[in-house]
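The chain contents come next:
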Amino acid sequence: MIRDLYAIVDKPAQRMLTMLLIASTLAAAAQGIAFVGLFPFLTSFISGDDAVSRWLMLILIATIIHAALVLFTGFIGRASSAAILRSLLSMLGERISRLPLSYFRQGVDGSLADMASSGIGFAAAVPHVVVRPVITGIVTPAVIALATCVIDWRIGIIMIGAAPLLWLAYRRIGAASSESDHHHTEAVAEVTTRLIEFTRSQSAIRAAGPNSIGDQVVDNALQCQHDTFAQATATQGAAIGRLGSLVQAVFSAIVIVAVIIALHGGMDYATLVALLIVVSCFTEPIVNAGALSGGFSSGRNTLAELRKLREIPVLSEPNKPGTPTSHDVEFAGVDFHYGDSRILSQISFTVPEHSLVAVVGPSGAGKTTIMRLLSRFMDPDAGTISIGGVPLPSIGTEQVNQLVTPVFQDTFLIEGTIRDNLLLARPTATDAELQVAATAAALDGLIDKNGWNMDVGEGGSLLSGGERQRVAIARALLKDSPIITLDEPTSSLDAVTERVITDTMHALRTDHTVIVVAHQLN
């Protein structure tokens, strides 16, 4: 997992992670030296040797160094986790903003929400919470084993010979955890997706009555999560138990061999007691490391999902963005598919600058897709879309976003006030500019009644459909892009408000290119 982190995080996070690894290794080595120092200290103490104070001083120095390094690694661990978290979340946000809109039609809400809310947080915490004890479980026993070879080569050989078996058992924990955690992560993402659907579809679910399919879908997802969690716990627990049993077997073998050597006169009892105490320090870090090693697998699964996200092709961007000299729109031989479904086939048309054009057709004809393609939420499979004679990929997504403002039928509002939602379009807008946009969108009556600081609720839930639509239109007018596209802009409006919006659209074409999507012309 550490290699995966290095490959995906930015340079500052890499530096913090390197410092953590170095400091953790030195701390584990200092701990190992302190444990090894127990051998000559105990031997001297039992035998009454005058060298007791010298060995005690060595243990104290190693312990102080270890304690200082532990404090330092705690600080660096927290800092590295914060840096990694910031880097991973930034990468996720940047990647999501560049992915074509068609990616989000694949039901990825749950996996992205789980990744952002818990998966990335857990992966970022691994260096601080898991890396230090795992490094201790490797380095400290290694120091003890090498020192034991000097004290008694026979015991040292047992320790070193057991290392490959212990490593295989440790790796088996990771392998078992990786597979079970992957299934559990998928189940959690499915639960999140279903809960999002459940909360957004309450009106339909309640209308369906008790025991509706909506309840069943959520219940099934929760049961699947429960089953995969139980399976993951059992699988990891069994692998950790096998490592613990192997460690105990190694410890028992060392004790038996050491006692046999002592009984045959190959080791005095003072050395035997000291050796057994030191050897007990050999096993504990390994068991602790095994218990935490599953954290690597969970973090690795999250990083694997992030890598997959990075491998999804994004919209190409020009090295030097082109600048259109006019704002006419042209579609030339455009094809587009959603998966295997063809939505547009050889679509060609031109919208002159400063004109009002309606795109009319039945549901599913691809009208909204045309708006999305013009906004460059995705690129067509074939053909060219141009503004002022410059293809959209040559203009660049950021510049296209400045040139084109879409108002879709499924209006999105952020949780906050009406003012907050309008200022999304232009944060520097003055009160006078806000008022002009609100009046043109027939939103002034609502503002006069409730004020600019009226709370719209999550996703605009405190407003009616028509009010949400008018807020979205006012936001588009405030942005004042040269090209404005409107998807069924009057579908949720009363007759009086519809007249105001229609007059506004006609007025806009004097200095804007306006494209209106509708089922029929009125």
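Provided above is the structure to which this section pertains.
Residues numbered from 1 in each chain as written. Predicted model: local features only at pLDDT ≥ 70, side-chain atom pairs only at ≥ 80, totals over all residues. Heavy atoms only, no water.

**Details of the packing of aromatic side chains**
- Taken as a whole and assessed by the stated rule, the structure comprises four aromatic pairs.
- Taking the centre distance of 6.2 Å and the plane angle of 25° together, the rings of phenylalanine 41 and phenylalanine 45 count as stacked. Here phenylalanine 45 and phenylalanine 41 lie together in helix H2 (residues 11–47), a separation of four residues that amounts to about one turn.
- Using a relative accessible area of 56% as the deciding quantity, one classes phenylalanine 45 as exposed. (Phe/Tyr/Trp six-rings, centres within 6.5 Å; stacked < 30°, edge-to-face > 60°. Helix = DSSP H or I, 4+ residues; strand = E, 2+ residues; numbered from the N terminus. Buried < 20%, exposed > 50% of the residue type's maximum accessible area, 1.4 Å probe, protein only.)

**Quick word on the nonpolar core**
- Counting 33 residues, the largest nonpolar core has Ile8, Val9, Ile84, Leu88, Leu92, Leu303 and Leu306 as its most contacted members.
- The set of elements that each furnish at least two residues to this core consists of helix H1 (2–8), H2, helix H3 (52–98), helix H4 (109–151) and helix H9 (294–311).
- At eleven residues, the largest contribution of residues to this core is made by H4.
- Aside from chain neighbours lying at most four places away, what touches leucine 92 is Leu112, Met115, Ala116, Ile120, Leu306 and Leu309.
- Formed by 32 residues, the second largest nonpolar core is a distinct cluster that contains Ala239, Val250, Ala274 and Ile286. (Core = buried A, V, L, I, M, F, W, Y, C linked by side-chain atoms within 4.5 Å. Contact = heavy atoms within 4.5 Å.)

**Thoughts on a nonpolar patch on the surface**
- Together, Leu56, Met57, Leu60, Ile61, Ile64 and Ile65 line one region of the surface with nonpolar side chains, adding up to about 550 Å² of accessible area.
- With respect to the helices and strands, the residue isoleucine 64 is situated in helix H3. (Patch = residues over 30% accessible without salt bridge, like charges linked within 9 Å, V, L, I, M, F, W, Y side chains within 5 Å. Areas by Shrake-Rupley, 256 points an atom, 1.4 Å probe, with all protein chains shown as cover. Salt bridge = Lys/Arg side-chain N within 4 Å of Asp/Glu carboxyl O.)

**Let's talk about the sheet that holds strand S6 (residues 404–407)**
- Sheet architecture is open: four strands sit in the order S3-S8-S7-S6, paired in parallel fashion. Looking along the sheet, the strands with just one partner apiece sit at the ends: strand S3 (356–360) and S6. Between one strand axis and the next, the sheet turns by 15° as a mean value, whatever way the strands run.
- Pairing geometry for S3 and strand S8 (residues 513–518), over five bridges, is parallel. Bridge pairing links leucine 356 to valine 514 in S8.
- Taken strand by strand, helix H10 (residues 367–374) contacts S3, S6, strand S7 (483–487) and S8, and its axis lies near 155° from that of S7.
- Each of S6 and S7 is contacted by helix H16 (residues 465–479), which is oriented at about 175° to S6, the strand it contacts most. (Pairing = 2+ DSSP bridges. Axes fitted to C-alpha atoms, helices over the stretch in contact; angles between N-to-C directions.)

**Observations regarding H16**
- Its 15 residues place the ends of H16 22 Å apart at the C-alpha level, agreeing with the 21 Å of an ideal helix rising 1.5 Å per residue.
- For H16, a buried count of twelve out of 15 residues is recorded, marking the element as mostly surrounded by other parts of the structure.
- Burial in H16 covers these residues: Gly466, Glu467, Gln469, Arg470, Val471, Ala472, Ile473, Ala474, Arg475, Ala476, Leu477 and Leu478.
- Looking at the buried side of H16, the elements it contacts are S6, helix H13 (418–423), helix H14 (431–440), helix H15 (444–450), S7 and helix H17 (495–508).
- Of the residues one or two after H16, aspartate 480 is the one with positive phi, at around 60°. (Expected span 1.5 Å × (residues − 1).)

**Topic: the pairing of S7**
- Burial runs high along S7: five of the five residues are buried.
- Looking at chain direction, S7 and S8 are connected through five bridges and run parallel. From the neighbouring strand, threonine 485 faces S8, where its bridge partner is isoleucine 515.

**So, the side chain of aspartate 152**
- As for its placement among the helices and strands, aspartate 152 is situated in the loop between H4 and helix H5 (153–200).
- Look at aspartate 152 and you get buried, because its relative accessible area is 7%.
- The residues contacting aspartate 152, other than those within four sequence positions of it, are Ile261 and Met267.

Bear in mind that shape data such as this cannot, by itself, settle questions of function.
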